[in-house]
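Descriptive structure summary
Chain by chain, the residues:
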Amino acid sequence: MDGGMNRPRPVARLARGMPASDGAGVKLNRVIGTPQIADVDPFLMLDEFRSDDAADYIAGFPDHPHRGFETVTYMLAGRMRHGDNKGHTGRLEAGSVQWMTAGRGIVHSEMPEQENGLMQGFQLWVNLPAKDKMTEPRYQEIPPRDIPVAALPGGVTVKVIAGTVGDTTGPINGIATEPILLDLALPAGGRLSLPLPHGHNAFLYAFEGEAAVGETATRLTRGSIAVLGQGDSVLLTAPAGAARVLLAAGRPLNEPVARYGPFVMNTPDQLRQAILDFQAGRF
Ligand code: FE2
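Everything in this summary refers to the structure shown in the same document.

Reading the values: rules and limits
- Residues numbered from 1 in each chain as written.
- Predicted model: local features only at pLDDT ≥ 70, side-chain atom pairs only at ≥ 80, totals over all residues.
- Heavy atoms only, no water.
- Helix = DSSP H or I, 4+ residues; strand = E, 2+ residues; numbered from the N terminus.
- Rg over C-alpha atoms; globule rule 2.2 N^0.38 Å.
- Buried < 20%, exposed > 50% of the residue type's maximum accessible area, 1.4 Å probe, protein only.
- Donors = N, O, S within 2.8 Å, 3.2 Å for Na, K, Ca; no water.
- Pairing = 2+ DSSP bridges.
- Axes fitted to C-alpha atoms, helices over the stretch in contact; angles between N-to-C directions.
- Core = buried A, V, L, I, M, F, W, Y, C linked by side-chain atoms within 4.5 Å.
- Contact = heavy atoms within 4.5 Å.
- Salt bridge = Lys/Arg side-chain N within 4 Å of Asp/Glu carboxyl O.

The number of helices and strands found in the chain is one helix and 26 strands. Expected size for 283 residues packed as a compact globule is a radius of gyration near 19 Å; at 18 Å, the chain falls within 12% of this value. Seen along its three principal axes, the alpha-carbon backbone of the chain occupies a region of about 55 × 45 × 35 Å. Residues counted as buried form 54% of the 283 residues belonging to the chain.

To continue, consider the coordination of the iron ion. Tetrahedral coordination by four donors puts the ideal angle at the metal at 109.5 degrees, and octahedral coordination by six puts it at 90 or 180 degrees. Protein ligation of the iron ion involves His64 (NE2), His66 (NE2) and His108 (NE2), the donor distances falling in the range 2.1 Å. Sequence spacing of the donors to the iron ion: H-x1-H-x41-H. Taken as a pair, His64 in strand β5 (residues 61-66) and His108 in strand β10 (residues 106-112) lie far apart in primary sequence, 44 residues in all. A relative accessible area of 18% means that His64 is categorised as buried.

Right, let's get into the sheet that holds strand β14 (residues 156-162). Pairing between sheet strands relies on hydrogen bonds along the backbone, with the strands arranged either parallel or antiparallel. Pairing in this open sheet of seven strands is antiparallel, and the strands run β1-β22-β19-β24-β17-β14-β13 from one edge to the other. Both outer strands of the open sheet, β1 (11-16) and β13 (149-152), are each paired with one neighbouring strand and no more. Averaged over all pairs of adjacent strands, the angle between strand axes in this sheet comes to 20°, irrespective of strand direction. When β1 meets strand β22 (residues 224-228), the two strands line up antiparallel, connected through five bridges.

Moving on: the nonpolar core. Among the nonpolar cores identified, the biggest contains 29 residues, and Leu46, Leu124, Leu181, Phe203 and Ile225 are the most heavily contacted of them. When near neighbours in sequence (up to four residues on either side) are disregarded, Leu124 contacts Phe43, Met45, Leu46, Glu70, Thr71, Val72, Leu181, Phe203 and Ala248. Of all hydrophobic cores here, the second largest spans 27 residues; its members include Ile180, Leu182, Leu204 and Leu220.

The next subject is the pattern of salt bridges. The full count for this structure, using the stated rule, is 17 salt bridges. Linking Arg219 and Glu210 is a salt bridge whose minimum nitrogen-to-oxygen distance equals 2.8 Å. Judged by its relative accessible area of 19%, Glu210 falls in the buried class. The partner of Arg272 in a salt bridge is Asp269, with the nearest N and O atoms 2.8 Å apart. Of the two residues, Arg272 and Asp269 both sit in helix α1 (residues 268-279), three residues apart, roughly one turn of that helix. You'll find Arg272 and Asp269 in the same group, each marked exposed. In this structure, a network of salt bridges that share partners links the residues Arg79, Arg81, Arg91 and Glu113.

The next subject is the sheet that holds strand β20 (residues 211-213). The strand order across the open sheet formed by four strands is β18-β23-β20-β21, and the pairing between neighbours is antiparallel. Every interior strand has two partners, whereas the edge strands, β18 (191-195) and β21 (218-220), have only one. Mean inter-strand twist for the sheet, computed between neighbouring axes without regard to direction, equals 30°.

Let's shift gears to the pairing of strand β8 (residues 89-93). In β8, alternate side chains face the same way, and those of Gly90 and Leu92 are buried while those of Thr89, Arg91 and Glu93 on the opposite face are not. Where strand β7 (residues 79-84) and β8 come together, five bridges link them in antiparallel fashion. Paired with Arg79 across the bridge in β8 is Glu93. In this structure, the hairpin formed by β7 and β8 is closed by a connection of four residues, where Gly87 is found at a positive phi of approximately 85°.

Both strand β2 (residues 18-22) and strand β3 (residues 26-32) contribute to a ladder of five bridges, which runs antiparallel. Pairing of Ser21 across the sheet is with Lys27, part of β3. Here β2 hands over to β3 after three residues, with Gly23 in that stretch at a positive phi of 60°.

Take Leu28: it is sitting in strand β3. Distance from Leu28 to Thr177, taken between C-alpha atoms, is 26 Å for residues 149 residues apart in sequence.

Quick look at the structure:
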């Protein structure tokens, strides 16, 4: 019983992403899903792609399957074309979000719709609870104009993709892990304090400039992740110039994870079944 005190969450783990390659050879910064940060339950992977050299992204992500979790694509710059084996297609343009609940299975591709210029964004993998792993696939595709921006004191702005900031609620709904996904922009000298649900796991990733986290003002440089410990809120400042930080929080599942490439289930048997079903064209 702390009498309603606001205890900012401390930094529990701090790490840099590591260079990786995925799809048909897209170069990216892997932030979660590395030897240092294997996962942040329910988040299984975070990749940042950012390059103005087409050789780094032009090969794209040709047809590949997913089962048992959700993929979230947040585009910051550039354009990709999405298509799947159910005939669903869409365009991922700068500022848009695609939240794909793969569920029982989907085979899809994400290919660049540009041959030069900057391509930048994130892909986040969010686990599904055991009871939902075989749910019907579902897409939530949000154009930039439908992502609300909360203006906070001191010039801080927050794009609310999922969750609520003050009286601003993001468009993503009906997700089992009750996620919060925010794009935070702090001006030089800016300060932000936001309550976070108790029990949610949370992390911050600095993708422009650098920020300082918690009461200890732990330095979070560009390309680094801070996994937060428990507490009431997230406290973030920008003492070294303007900064942009991705914040994600979600209710941990605390369930066994069996993963193999694009399949994330609870047991090795379920993984074998996923591979069999994919090979037999049952996705
Ligand atoms: Fe994918």
